[in-house]
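Observations on chain architecture
Now for the letters of each chain:
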Amino acid sequence: MNRQIVKLFTFVVVLFGVLIGFTSYWSVFEADALKEEDANKRPLLEQQRIQRGRILADDGTVIARSIPKGSGDNRRYVRRYPESVLFGHPIGYSFVKEGDSEFEQFHNDELVGEESEFTSLLDELRGQQQEGNDVVTNLDPEAQRVALSALEAAGFGAVAAIEPSSGRVRVMASNPPFDPNRIPTEQNELNANTFETPLLNRATQGRYPPGSTFKVVTAAAALDSGAIDLDSTIDAPATIDVQGQPLANSDGASYGPITLETALTNSVNTWFAQLGEEVGSDTLFEYLDRFGFGSEPAIDLPDDQVEPSGVEEEGELLGRGDAVDVARVAIGQERLLVTPLQMAEVAAAVANGGTLMKPQIWSRVVDPDGRVTESLDPSSYSQPIAEETAATLTTAMEDVVNEGTGTNAAISGVPVAGKTGTAETPFNESCVGAGDNQAWFIGFAPADDPEIAIAATVECTNSFGGELAAPIFREVAESILDD
Amino acid sequence: MTARNRELVALVPVALLLTAGFTAVFAQESDRLDNLSLIYGAYFLAVCLATHIYLRLRLPNADPYLFPLVALLTAFGLVMIYRIDAELARDQANWFVLGLLLFALTIHFLRDYDVLERYRYTIAGIGLLLLLAPRLPGIGAQVNGAYLGVELGPISFQPAEFSKICIVVFLASYLREHREVLIVGARRVLGVTLPPLKHLGPLLVVWGASMFMLVFIRDLGSSLMFFAAFLALLYVATGRFSFVVIGMTMFMLGAWFFASTVPHVHDRVEVWLDPYASPLGSGYQILQSIFAQADGGLFGKGFGQALITIPGTDDALLPAAQTDTIYALIVNELGLFGGCALVAIYLLIAARGFKVALLADDGFSKLLATGLTAVFAIQAFVIVGGVTRVIPLTGVTLPFVSYGGSSIVANFVLLALLLLISDRARREATAPAPLGGGLALEGGR
């Protein structure tokens, strides 16, 4: 019988092996999928038990914190946003039932203190409960407040402000704003509001025609590729014919042969349209790519909440080799759609000697003991243009503010470089009953040693960029430079 | 080292696990638990030591690892139950003491366990009566649709736990006597070796009994456990794998038939096949059990960290955490490693149990040790397999770990029988050394 007993034991070993196999399957291999199951409320219940870390502004202002409710085993934490609407964008919200968005979603792991299995094992052995880390942002509350109230006075739109040398995002405001504290009670209403779309972060998701602000990109491509230099002239009549359609200067003036500085200062359409044709669509698209158009910005926000910029056709972005009206692309028309963040990146790249830094909202992660566990190490995204190109362009952009369309952006005692833009959006359905201009200003200051690059835009207005967006730029820049 | 000294050494890890476990749980939940309950840890260890001394006196040659392994399981269970509810842990500790008392009594009165052979039909009768008891009017009790419990005044117990020992004793005795005829009388029909018809009767009775359990007790788990133990014994006794195949086929056919006619059994199978069909109803327990395991990962969340009820309510997040789904709780808190460790302990017990069977001299001892070990191992498989969705989830207890008096007490009787067989086998194995005196020397097996 002994032989059979040994065989029987072998069978038991196999049976128990199956148990180990199934346990491994559920607890390790299939675990992530099981945590996604709708019937599985555990992840939500667990998250409630962890005190999520705070989100702080650059100056220590508390943007989000979690407060305990109940006690003992029933203790759970609920998110509060003391600054109400001020940081609705770009911070977003985080609630157990309603889910999370924007910065809260992107930095979830740090905020809940998610660690590797080994680290959490060590914590368990030391009897420590999982605790969330604080995340400090680069956001400047005063400047954010200035930007939001300026927008509220001007209309729906957005402001994005980036420190050119580091990519630190100092301001990201979107109007209309929303109060994240109201999400648990009003999420459905906010979602259903398709006219105002308050949950849309217009700075990263709003896609607008850039108008003349795009001439900065065209000029950058032309200078950097060697198509022109500061002394080159192009004859700029009041109207030219492009692909059978007339293309006119907005002031109706005929300028004759002029250089880049004059053309940019007066935002001469016929000059830039011809420049675009000279540069060609392939070169222009190459420079678009270098500036980050055509792909999602490398910012610390969830992929589905940032939009790429570029020439769009039926939901697809066009690239090299695609047929476009390059003359109209060159002046920011055609089917060009851009986000305010992308235009702020263009200004920042020019300001930073031609190097584009990755825009980042976060600055550092602080653990519950107050130790900084991670801090932002600024890194470059690309070098779209050479340093000399950037310097030349800066000179031309200074003229815009000193004597051209952007005088409203001037700050006393500080040299400012910038470019205005006014795109006509007669087909924008959300502008019904309002104006159909898209007003823009992009720029940076101080022009000789840039500390901040800003894009400001207002949708559905009757005003021009120089009238409406340039003052917003000035107020926000002054607020940041005052610090 | 003598067998008993090894046993003593093997109890050290038990003491460590228990101390570490209780301390961890206590440290986690000191606001909820009073430190009096810590004394229960010490009390448990003292009882283990007393048992060890008793074994030293009565069964000096018995297998040195079985008791420490069982003590390890009990400590494991005690810590988990303590973590769920300190009150339940006290009850469980009391059941543990009662179990050891019955363990000692079994060893005392059944030193010559051959006597069991003489009463095999009586024992079989008692076994069947025990199985029937839950359906008897007045004392039967229904739990989750299965008839597993008996209530006699304040005491309630699960007779199937005791019945399994009776049935194994009967089968071991019956097969010891008839194994030869079953082998010799076997004929080949259509290429399949069949047992002789004359001796088929009692085997059909066993098959009938397990089918009966399926219908009347409505418990697929115990039915499977009984029948698998029977097939294991039949195989070991006859060496005919074809008998096992025939038996399996019969069980499958029967189970399939009843699974489609008895609603309770049918539901269990449906839920097993598709738990997501009713995630908040009949599928809740198995789904939550699997979610709890997914939550554990490799290393688990740590003692006292798992969610058992939904915070803010008394609603169970892991239903029957102290009994049916205790394995899921273990995986949740101690991870895949904890689950593997537990399964490994059961495997080691099975290994030692089968070793006892290998060493035993006479047919009855061999079959009895095999049967007891097999039924124990299969019970562990049935419930862990249920919780991990290998097979339908049923209400069988996880031996020595789940909360429950009947389970603890009955399994200690089972352990006592194994140690009795082991003591005799190892005494005889070492006896031929004529100059060995009274010392049982190890290593000569």
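The structure under discussion appears in the preceding block.
Cut-off values and rules
- Residues numbered from 1 in each chain as written.
- Chains lettered and ligands numbered in written order.
- Predicted model: local features only at pLDDT ≥ 70, side-chain atom pairs only at ≥ 80, totals over all residues.
- Helix = DSSP H or I, 4+ residues; strand = E, 2+ residues; numbered from the N terminus.
- Buried ≥ 20, exposed ≤ 12 C-beta atoms within 10 Å, placed from the backbone.
- Contact = placed C-beta atoms within 7 Å.
- Pairing = 2+ DSSP bridges.
- Core = buried A, V, L, I, M, F, W, Y, C linked by C-beta atoms within 7 Å.
- Axes fitted to C-alpha atoms, helices over the stretch in contact; angles between N-to-C directions.
- Parallel < 35°, antiparallel > 145°, perpendicular 65-115°, else oblique.
- Left-handed = near helix turned anticlockwise from the far one by under 90°.
- Nonpolar A, V, L, I, M, F, W, Y, C, P; charged D, E, K, R; others polar.

Turning to the overall build of chain B, a few remarks are in order. In terms of regular secondary structure, chain B is built from 15 helices and five strands. Across the 445 residues that make up chain B, the buried fraction comes to 53%. Sequence separation of at least 24 residues holds for 71% of the intrachain contacts in chain B that already meet a minimum separation of 6.

This part is about the overall build of chain A. Along chain A, the regular secondary structure elements total 18 helices and 22 strands. For chain A, the residues scored as buried account for 52% of the 483 residues in total. Of the contacts made within chain A by residues no fewer than 6 positions apart, 70% connect residues no fewer than 24 positions apart.

Residues and elements named next belong to chain A. With seven of seven residues buried, strand E8 (residues 169-175) is to be regarded as a mostly interior element. Sheet analysis places strand E7 (residues 157-162) next to E8, joined by six bridges and oriented antiparallel. Bridged to alanine 160 within E8 is methionine 172. Turn length for the E7-E8 hairpin, with the two strands adjacent in sequence and antiparallel, is six residues, and the turn residue glycine 167 shows positive phi of about 85°.

Counting 155 residues, the largest nonpolar core has Ala229, Leu233 and Leu418 of chain B as its most contacted members. Counting residues per element, this core draws most heavily on helix H13 (residues 326-359) of chain B, which supplies 18 residues. When near neighbours in sequence (up to four residues on either side) are disregarded, alanine 229 of chain B contacts Val168, Gly371, Ala374, Val375 and Ile378 of chain B. Counting residues in hydrophobic clusters, the runner-up holds 121 residues, among them Ala220, Ala263, Phe285 and Val476 of chain A.

What follows concerns the packing of helix H9 (residues 220-238) of chain B against helix H10 (residues 241-259) of chain B. Residue and element names in this part refer to chain B. In the contact formed by H9 and H10, the axes pass within 8 Å of each other and the chain directions differ by 160°. Between H9 and H10, the crossing angle belongs to the class labelled roughly antiparallel. As for the relative orientation of H9 and H10, their crossing is right-handed in sense. Contacts from Phe227, Leu231, Leu234, Tyr235 and Thr238 of H9 reach H10 at Phe241, Phe243, Val244, Gly247, Met248 and Phe251. Residues of the contact of H9 with H10, tallied by class, amount to nine nonpolar, two polar and no charged.

Let us look at unusual backbone geometry. Negative phi characterises most residues that are not glycine, and trans characterises most peptide bonds. Residue and element names in this part refer to chain A. In this structure, the amide linkage connecting histidine 89 to the following residue, proline 90, adopts the cis form with an omega of 5°. On the secondary structure map, proline 90 appears in helix H4 (residues 88-91). In this chain, asparagine 175 is followed by proline 176 through a cis amide linkage whose omega measures 5°. Relative to the helices and strands, proline 176 resides in the loop between E8 and helix H9 (183-192). Residue glutamate 314 is not a glycine yet carries a positive backbone phi of 50°. With respect to the secondary-structure elements, glutamate 314 resides in the loop between strand E13 (310-313) and strand E14 (316-317).

Residues and elements named next belong to chain A. Pairing is mixed across the open sheet formed by six strands, whose spatial order is E3-E2-E1-E6-E17-E18. Strand pairing shows two members of the sheet lacking a second neighbour, strand E3 (76-80) and strand E18 (372-375), which therefore form its edges. Across two bridges, strand E1 (residues 55-56) lies against strand E2 (residues 62-69) in antiparallel orientation. The residue of E2 that forms the bridge with isoleucine 55 is alanine 64.

All names here are of chain A. Structurally, glycine 256 can be placed in strand E12 (residues 256-258). Separated by 18 residues in sequence, glycine 256 and alanine 238 have C-alpha atoms that sit 8.8 Å apart. Among residues more than four places away in sequence, those in contact with glycine 256 are Asp235 and Ala236.

Every buried residue of helix H14 (residues 281-291) of chain A is accounted for by Ser281, Leu284, Phe285, Leu288, Arg290 and Phe291 of chain A. After H14 of chain A finishes, the residue glycine 292 of chain A shows a positive phi value of roughly 105°.

Here we take up the environment of leucine 128 of chain B. Mapped onto the fold, leucine 128 of chain B is located in helix H6 (residues 120-132). Each C-alpha atom of the pair leucine 128 of chain B and cysteine 166 of chain B lies 8.5 Å from the other, and the pair is 38 residues apart in sequence.

With that out of the way, let us pick up the environment of leucine 414 of chain B. Residue and element names in this part refer to chain B. Following the sequence through the fold, leucine 414 ends up in helix H15 (residues 405-430). Taking the C-alpha atoms as reference, leucine 414 lies 9.3 Å from threonine 106; in sequence the two are 308 residues apart. Residues contacting leucine 414, with those up to four places away along its chain left out, are Ile165, Leu372 and Phe376.

Each side of the interface is counted separately: chain A has 38 residues, and chain B has 47 residues. For the side of chain A that touches chain B, the secondary structure elements donating two or more residues are helix H1 (2-29), helix H2 (31-36), helix H3 (42-49) and helix H7 (117-125) of chain A. Taken together, the residues of the side of chain A that touches chain B break down into 19 nonpolar, eleven polar and eight charged.

In this section: the sheet that holds E8 of chain A. All names here are of chain A. Judged by pairing direction, the sheet is antiparallel, and its five strands sit side by side in the order E8-E7-E22-E21-E20 without closing on themselves. Since the sheet does not close on itself, it has two edges, and those belong to E8 and strand E20 (417-424), each with one partner. On average, each strand axis in the sheet is tilted by 5° relative to the strand beside it, whichever way the strands run. Summarising the sheet, E7 and strand E22 (residues 452-461) pair through six bridges and their orientation is antiparallel. Looking at E22, one finds that alanine 161 is bridged to isoleucine 454. In the packing of helix H16 (residues 340-351) onto the sheet, the strands contacted are E7, strand E21 (437-445) and E22, and the crossing angle to E22 comes to about 150°.

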